[in-house]
Amino acid sequence: MATISLKRLSDSSPVQIDEANILVVFGTTSDAIVEYVNPQSGRKEKVEVANDVTQIQAVSEKLFEVSLPDYPSTTVYLNSDRVIDLYEDSSVAVVIYDRAGSAKARFVTDQTKEAVLTNIYEKEGYLTYEVASYTSSTIVLAAGEGDVSANFTAGKILTLFGSTDANNETYEVVSASHSGSTTITITGGTIADTSDTTGSVMIKS
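Here the structure is a predicted model, which is why all the values come from computation and not from measurement.

Reading the values: the criteria
- Residues numbered from 1 in each chain as written.
- Predicted model: local features only at pLDDT ≥ 70, side-chain atom pairs only at ≥ 80, totals over all residues.
- Heavy atoms only, no water.
- Helix = DSSP H or I, 4+ residues; strand = E, 2+ residues; numbered from the N terminus.
- Polar contact = N/O pair within 3.5 Å; in protein donor to acceptor, adjacent residues only side chain to side chain.
- Buried < 20%, exposed > 50% of the residue type's maximum accessible area, 1.4 Å probe, protein only.
- Core = buried A, V, L, I, M, F, W, Y, C linked by side-chain atoms within 4.5 Å.
- Contact = heavy atoms within 4.5 Å.
- Pairing = 2+ DSSP bridges.
- Phe/Tyr/Trp six-rings, centres within 6.5 Å; stacked < 30°, edge-to-face > 60°.
- Axes fitted to C-alpha atoms, helices over the stretch in contact; angles between N-to-C directions.

Chemist: So what exactly am I meant to see when it comes to the side chain of S163 here?
Modeler: Note on placement: S163 falls in the loop between β13 (157-161) and β14 (170-178). Separated by 3.4 Å, the side chains of S163 and Y134 make a polar contact.

Okay, here's the thing in structure tokens:
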């Protein structure tokens, strides 16, 4: 995992933090606050740095964006390795999180579970696409995704998420084509709920 090099806001002195120890990052395009675990003491600490919060996320391997309406910043990043559980309650995602304390943290977002998962998967190097419809052996992507058939070559493995539970499975690609929208033919199982019009596909880039 990456070591992230930063500059302390107060005196521009260098700060290096192993990404594995980062708990939460939030802030603006001019400065950010990084909450982390000090590897020597094991205690939670906080440092204010003179770095663009989005640039910190860009160089990281595990920090994904999440929208937390009760947090003191509109841009917040969590560490995907510290997510213990993720579920949806009243149509919004709830993240159960290891914040290096005796009690687990509970973050209530203003996003759907599918939106949070999309941010996690994309940060981990997956391509994600919105689904429009299904048949028992095909997945039709939303037309707005364009022609992405080249990303679904035979033998690659894709996963459905954010759909009905019956459809949230892993499948193998047989072929893909584009005519107005990208249609993926799959094997390794059949689509159980063909009436569903929700969900997303993730596949390694």
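Picking up where we left off.
Chemist: Sorry if this is basic, but what is going on with helix α2 (residues 113-123) here?
Modeler: Every α-helix winds through 3.6 residues per turn, so residues three or four apart in the chain are directed the same way. Residues of α2 that are buried: V116, L117, T118, I120, Y121 and K123. Looking one or two residues past α2, G125 carries a phi angle of roughly 95°, positive in sign.

Chemist: Please explain the nonpolar core as it appears in this structure.
Modeler: Nonpolar side chains tend toward joint burial in soluble globular proteins. Core analysis: the largest hydrophobic core is formed by 22 residues, its most contacted members being V24, V66, Y71, V76, L78, F107 and V116. Of all the secondary structure elements, the ones that give two or more residues to this core are β3 (22-27), β6 (63-66), β7 (75-79), β9 (92-97), β10 (105-108) and α2. It is α2 that provides the largest number of residues to this core, a total of four residues. Here V66 is in contact with V76, L78, T109, Q111 and V116, once residues within four sequence places are set aside. Among the nonpolar cores identified, the runner-up in size contains 16 residues, and L158, Y171, I186 and I191 belong to it.

Chemist: In this structure, what is going on with unusual backbone geometry? I would like to understand it.
Modeler: Of all residues except glycine, most have a negative phi; of all peptide bonds, most are trans. Positive phi, normally seen in glycine, also occurs at S12, with a value near 65°. Note that S12 resides in the loop between β1 (3-7) and β2 (14-18). Among the residues examined, S12 registers a relative accessible area of 47% and is labelled partly exposed. Positive phi, normally seen in glycine, also occurs at S90, with a value near 55°. For S90, the location among the structural elements is in the loop between β8 (83-89) and β9.

Chemist: Before we go on, may I ask you to explain the pairing of β13 in this structure?
Modeler: Strand residues, when the strand is regular, have side chains that alternate between the two faces of the sheet. As paired elements, β13 and β14 share three bridges and run antiparallel to each other. Within β14, the position partnered with I157 by the bridge is E172. One ladder, built from four bridges, connects β13 with strand β16 (residues 200-204); its direction is antiparallel. Its bridge partner lying in β16, L160 is registered against V201.

Chemist: I would appreciate a short explanation of the packing of aromatic side chains in the present structure.
Modeler: Pairs of aromatic rings are described using the distance from one ring centre to the other and the angle between the two planes. Throughout the structure, instances matching the rule amount to six aromatic pairs. Measuring from ring centre to ring centre gives 5.5 Å for Y97 and F107, while their planes differ by 65°; the resulting arrangement is edge-to-face. Remark: F107 occurs in strand β10 and Y97 occurs in strand β9; sequence separation between them is ten residues. F107 carries the same exposure label as Y97, and that label is buried.

Chemist: Explain the sheet that holds β3 here, please?
Modeler: The pairing of strands in a sheet comes from backbone hydrogen bonds and takes either a parallel or an antiparallel form. Taken in spatial order, the five strands make up an open sheet running β5-β4-β3-β7-β6, and their pairing is antiparallel. Sheet topology places β5 (44-49) and β6 at the edges, where each strand pairs with a single neighbour. Adjacent strand axes in the sheet meet at a mean angle of 20° when their direction is disregarded. Where strand β4 (residues 32-37) lies against β5, six bridges are found, and the strand directions are antiparallel. The residue of β5 that forms the bridge with V34 is V47.

These values are about where atoms sit, not about what they do.
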